[in-house]
Amino acid sequence: MLVSSIDAHQHRHADHPVHDLFVRRWSPRAMSGQPLTEDEIHRLFEAARWAPSSFNEQPWRFLYARRDTPAWPVFFDLLMDANKVWCARAGLLVLVLSRKTFSHNNKPNPVHIFDAGSAWVSLALQATEMGLVAHGMAGFDWNKARTALAVPDDFDLCAMFAVGRPGQVEDLPEPVRAREVPSGRKPIAEIAREGPFK
Ligand SMILES: Cc1cc2nc3c(=O)[nH]c(=O)nc-3n(C[C@H](O)[C@H](O)[C@H](O)COP(=O)(O)O)c2cc1C
C-alpha cells in the first residue's frame with residue numbers, strides 16, 4: 001500500500017486511546033499526480049454513503065472530476081490560486097453539496113450541513129485507510145461553482161476536497177512545503193464541558 005512519506009504519528013499523540021485512523025488522517029498537500037481507479041472512487045463514496053443523517057435523508061451529494069478528463073479543468077478553475085498549486089497533482093476534485101429540505105415534506109432540514117460533514121469525514125477516513133490522501137477546501141469560487149456545475153437552488157454548497165496518491169514533500173513549492181506537517185489539536189477541556197456553556 002502506498003503511504004504518505006510523513007507519518008502523522010511522529011507529530012501527533014492522542015491523549016486517550018482511540019482508533020489509529022483518527023490520528024493517522026491528516027491533510028497533506030503532497031500528491032503524486034497519478035489518477036485514482038474507478039474502484040477506488042467507488043470505495044470512497046461507499047464510505048460516505050453509510051454516514052448517519054437526520055431522518056436518513058442522506059442530503060449529501062458529490063460532484064467530481066477525475067484528472068485527465070474533460071471535467072477536470074472545469075473543477076480545477078474553481079480553486080483559489082493557493083489551492084491550485086498543490087491540487088495540480090491530485091487525482092480527484094470533489095464539490096460537496098447538501099439538500100436544504102427534507103424530501104418527505106419539503107420542510108427545511110436544519111442539520112443538512114452537519115450530515116454532509118459526517119459523510120465527508122467518513123470518506124476522508126476511508127481514503128486514509130486506503131493509503132490515499134484527502135484534503136478539504138473552502139478556498140474556491142463558490143458563486144462560480146454553483147453556476148459552472150449547475151447546482152440547483154435547493155442545494156447548498158458545503159466545501160470542495162481533493163483526493164490523491166501521496167507524493168513527495170520535496171516536490172511541493174514553497175511556502176506550502178513548509179506547512180506540510182500534521183497539526184495538533186485543542187485539549188478536550190477546551191472543546192467539551194459537562195453542563196451549560198458557562
Ligand atoms: C471544510 C474545510 C476547508 C478547508 N479549506 C482548505 C483550503 O482551502 N486550503 C487548504 O490548504 N486547506 C484547507 N483545509 C484543510 C485544513 O486546514 C485542515 O483540515 C486543518 O488544518 C486540520 O489539519 P488536518 O486535516 O491535517 O488534521 C480545509 C479543511 C476543511 C475541513
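Everything that follows concerns the structure shown earlier in this document.
Note that this is a predicted model, so its numbers are computed, not measured.

Rules and cut-offs
- Residues numbered from 1 in each chain as written.
- Predicted model: local features only at pLDDT ≥ 70, side-chain atom pairs only at ≥ 80, totals over all residues.
- Helix = DSSP H or I, 4+ residues; strand = E, 2+ residues; numbered from the N terminus.
- Rg over C-alpha atoms; globule rule 2.2 N^0.38 Å.
- Buried ≥ 20, exposed ≤ 12 C-beta atoms within 10 Å, placed from the backbone.
- Contact = placed C-beta atoms within 7 Å.
- Pairing = 2+ DSSP bridges.
- Near = placed C-beta within 6 Å.
- Nonpolar A, V, L, I, M, F, W, Y, C, P; charged D, E, K, R; others polar.
- Axes fitted to C-alpha atoms, helices over the stretch in contact; angles between N-to-C directions.
- Parallel < 35°, antiparallel > 145°, perpendicular 65-115°, else oblique.
- Left-handed = near helix turned anticlockwise from the far one by under 90°.

J.: Quick question: what am I supposed to make of the overall build of the chain here?
T.: When you go through the chain residue by residue, the secondary structure sums to seven helices and four strands. N-terminal to C-terminal, the α/β element order of the chain is α-α-β-α-α-β-α-β-α-β-α. For the chain, the C-alpha radius of gyration of 18 Å lies close to 16 Å, the compact-globule estimate for 198 residues. In terms of its C-alpha atoms, the chain occupies a principal-axis envelope of roughly 50 × 50 × 30 Å. Buried residues in the chain amount to 30% of all 198 residues. Restricting the contact set of the chain to residue pairs at least 6 apart, pairs at least 24 apart contribute 79%.

J.: So what exactly am I meant to see when it comes to the environment of Phe-22 here?
T.: Locating Phe-22 in the fold gives a position in helix 1 (residues 20-24). In this structure the C-alpha to C-alpha distance between Phe-22 and Thr-69, which are 47 residues apart in sequence, comes to 32 Å.

J.: Looking at this structure, I do not really get the pairing of strand 4 (residues 155-164). What am I missing?
T.: Regular strands place their side chains on alternate faces of the sheet. Among the 10 residues that make up strand 4, seven are buried, leaving the element largely enclosed by the rest of the structure. Relative to strand 4, strand 2 (residues 92-99) is paired through eight bridges, and the arrangement is antiparallel. Counted as the bridge partner of Ser-98 is Asp-156 from strand 4. Note: strand 3 (residues 133-137) against strand 4, five bridges, orientation antiparallel. For Gly-136, the partnering residue across the bridge sits in strand 4 and is Phe-161.

J.: Which parts of the structure should I look at to understand the site of the ligand?
T.: Taken together, the neighbourhood of the ligand is formed by Trp-26, Ser-27, Asn-83, His-135, Gly-136, Met-137, Ala-138, Gly-139, Ala-159, Pro-182 and Ser-183. With three residues, the single largest contributor to the shell around the ligand is strand 3. Looking at the shell around the ligand residue by residue, the class counts come to five nonpolar, six polar and no charged.

J.: Looking at this structure, I do not really get unusual backbone geometry. What am I missing?
T.: What is expected of a backbone is that most residues other than glycine have negative phi and most peptide bonds are trans. In the segment running from Glu-174 into Pro-175, the intervening peptide bond is cis, with an omega of 5°. Looking at where Pro-175 falls in the secondary structure, it is placed in the loop between strand 4 and helix 7 (188-191). Positive phi is not limited to glycine here, since Asn-56 has a value of about 50°. Positive phi is not limited to glycine here, since Asn-106 has a value of about 60°. Mapped onto the elements of the fold, Asn-106 is located in the loop between strand 2 and helix 5 (112-129).

J.: Even after reading the chapter, I still don't get the packing of helix 2 (residues 38-49) against helix 5, so can you show me in this structure?
T.: Any two packed helices are characterised by how steeply their axes cross, that is the angle between the axes, and by the distance between the axes. Where helix 2 contacts helix 5, the two axes come as close as 7 Å, and the packing angle between them is 140°. Relative to helix 5, helix 2 is oriented oblique. As helix 2 runs across helix 5, the sense of the crossing is right-handed. On the side of helix 2, the interface is formed by Arg-43, Leu-44, Phe-45, Ala-47 and Ala-48, while helix 5 contributes Ala-119, Ser-122, Leu-123, Gln-126 and Ala-127.

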